[in-house]
Amino acid sequence: MEHELSAIYDIIHGLGLAILTPHWMEYTLDETTVSKFYQFGTNVFGMDNRMEPMEVAKRSIGLVKDFLFTKLGLKKHIYRNWYR
């Protein structure tokens, strides 16, 4: 999906991935994938492993968004000719 976005909107690959990844994470989060997101939250962000897995997963996704869009200051949205 990101390659198509890069072609249409003339953005760099990394920014396209940064925009798509949190949305992909939210889209794929369900009872069958929650354990992977739980592991991500506890191993990468050091979240309390006594918390409910779904809560850890959702907070982890929020921390990814915060890192990409607040701390790094990346754009959250893309528009044709967004750089002008």
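Preceding this paragraph is the structure being described.
Novice: Would you mind going over the packing of aromatic side chains in detail, with residue names and values included?
Specialist: All chains considered together, the criterion is met by two aromatic pairs. Residues Trp24 and Phe37 carry aromatic rings whose centres are separated by 6.4 Å and whose planes lie at 50 degrees to one another, so their mutual orientation is tilted. You can see Trp24 sitting in helix α2 (residues 13-28) and its partner Phe37 sitting in helix α3 (residues 34-44), a full 13 residues away along the chain. Centroid distance Phe40 to Phe45: 5.4 Å. Interplanar angle 85 degrees. Geometry classified as edge-to-face.

Novice: Which residues make up the side chain of Glu2, and what values go with them?
Specialist: Position of Glu2 relative to the elements: it lies in helix α1 (residues 2-9). Side-chain polar atoms of Glu2 contact the side chain of His13, separated by 2.5 Å.

Novice: With reference to specific residues and values, describe α1.
Specialist: Regarding α1, the residues found buried are Glu2, Leu5 and Ser6. Along the axis of α1, the buried positions cluster into a sector of 100 degrees, meaning they face one direction only. Exposed residues lying more than 90 degrees from the buried face of α1 are His3 and Ala7. At its buried positions, α1 is contacted by α2.

Novice: Describe the pattern of salt bridges, listing the residues and the values that go with them.
Specialist: The tally for this structure, following the rule as stated, stands at three salt bridges. In this structure, the salt-bridge partner of Glu26 is Lys65, at a minimum N-O distance of 2.5 Å. Taken together, the residues span a long stretch of sequence, with Glu26 in helix α2 and Lys65 in helix α4 (residues 53-71) at a distance of 39 residues. When the shortest N-O distance is used, the salt bridge between Asp48 and Arg50 registers 3.0 Å. Classification of Asp48 by relative accessible area gives partly exposed; the value is 32%. Residue classification places Arg50 among the exposed positions, given a relative accessible area of 72%.

Criteria and cut-off values
- Residues numbered from 1 in each chain as written.
- Predicted model: local features only at pLDDT ≥ 70, side-chain atom pairs only at ≥ 80, totals over all residues.
- Heavy atoms only, no water.
- Phe/Tyr/Trp six-rings, centres within 6.5 Å; stacked < 30°, edge-to-face > 60°.
- Helix = DSSP H or I, 4+ residues; strand = E, 2+ residues; numbered from the N terminus.
- Polar contact = N/O pair within 3.5 Å; in protein donor to acceptor, adjacent residues only side chain to side chain.
- Buried < 20%, exposed > 50% of the residue type's maximum accessible area, 1.4 Å probe, protein only.
- Arc of directions from axis to C-beta.
- Contact = heavy atoms within 4.5 Å.
- Salt bridge = Lys/Arg side-chain N within 4 Å of Asp/Glu carboxyl O.

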